[in-house]
Amino acid sequence: AAEVRAVAGGGTRDADAGMAERLRAHRAERPDQTIVALVGNVHARRVPGNPIDPEFRSLAVQLADLSPLTLDVRYGDGGQFWGCRPEACGPQTVPALAPWKALPPGLRLHPAEDTRSWHHGYWWVPSLSASPPAVMSLRAAE
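Below you will find a few notes about this structure. Being a predicted model, the structure only gives us computed values, none of them experimental.

Attention now goes to the sheet that holds strand β5 (residues 121-125). On the basis of which strands lie adjacent, the open sheet formed by 3 strands has the order β1-β5-β4 and mixed pairing. The open sheet has two edge strands, β1 (71-75) and β4 (106-109), and neither has a second partner. Averaged over all pairs of adjacent strands, the angle between strand axes in this sheet comes to 25°, irrespective of strand direction.

Another point: the environment of Arg 108. Looking at the secondary structure, you find Arg 108 in strand β4. For Arg 108, a relative accessible area of 22% puts it in the partly exposed group. In this structure, the C-alpha to C-alpha distance between Arg 108 and Trp 124, residues 16 residues apart in sequence, is 7.9 Å. Side-chain polar atoms of Arg 108 contact the backbone oxygen of Pro 104, separated by 2.7 Å. Within the structure, the side chain of Arg 108 is placed 3.4 Å from the backbone oxygen of Gly 106, a separation counted as a polar contact.

To continue, consider the state of the cysteines. According to the stated counting rule, one finds 1 disulfide in the structure shown. Paired through a disulfide, Cys 84 and Cys 89 show a sulfur-sulfur distance of 2.0 Å. A torsion of 110° about the S-S bond marks the disulfide between Cys 84 and Cys 89 as right-handed.

Taken as a whole and assessed by the stated rule, the structure comprises 0 aromatic pairs. Its guanidinium or amino end placed over the ring of Trp 118, Arg 45 lies 3.5 Å from that ring's centre, counting from NZ or CZ. Note that Arg 74 overlies the ring of Tyr 122, its terminal NZ or CZ placed 5.1 Å from the centroid.

With respect to the helices, strands and loops of the structure, His 119 is situated in the loop between β4 and β5. In this structure the side chain of His 119 is engaged in a polar contact, spanning 2.9 Å, whose partner is the backbone oxygen of Asn 41.

Turning next to a nonpolar patch on the surface. On the surface, a nonpolar cluster with roughly 520 Å² of combined accessible area is contributed by Leu 69, Val 73, Leu 107, Leu 109 and Trp 123. When you line up the elements, Trp 123 lands in strand β5.

What counts, and where the lines are drawn
Residues numbered from 1 in each chain as written. Predicted model: local features only at pLDDT ≥ 70, side-chain atom pairs only at ≥ 80, totals over all residues. Heavy atoms only, no water. Pairing = 2+ DSSP bridges. Helix = DSSP H or I, 4+ residues; strand = E, 2+ residues; numbered from the N terminus. Axes fitted to C-alpha atoms, helices over the stretch in contact; angles between N-to-C directions. Buried < 20%, exposed > 50% of the residue type's maximum accessible area, 1.4 Å probe, protein only. Polar contact = N/O pair within 3.5 Å; in protein donor to acceptor, adjacent residues only side chain to side chain. Disulfide = S-S within 2.5 Å. Phe/Tyr/Trp six-rings, centres within 6.5 Å; stacked < 30°, edge-to-face > 60°. Lys NZ or Arg CZ within 6 Å of the ring centre and 35° of its normal. Patch = residues over 30% accessible without salt bridge, like charges linked within 9 Å, V, L, I, M, F, W, Y side chains within 5 Å. Areas by Shrake-Rupley, 256 points an atom, 1.4 Å probe, with all protein chains shown as cover. Salt bridge = Lys/Arg side-chain N within 4 Å of Asp/Glu carboxyl O.

Below, the structure written as structure tokens:
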């Protein structure tokens, strides 16, 4: 049976370290279980650094010894994602991306020898819709 556990995210080094710690603990409890972690694209980057912080170690980088497969969600028609900006957390609008509009939805992986890509591949969807983090939903239910 599949189990879903919420892993709180955020845009800080501490958030990724905390997510990595929680996923490692889950892996230790259930070493044979497949884990699917839905996180933002910065947290799923498989190479160190990001546009703001070259020293940033994403969740995927911190779990590299577990060989995670990381995907970037790409979209053509824009939409919204849930994220935090300095002024507030909530739905953030993203524009339509014309080059992606013509592709059929689906999963695409980069060649295995490509070690410089930020992710192993991408999952193309027509548009995005924001969903609050599961942790917030669980707290609201208490």
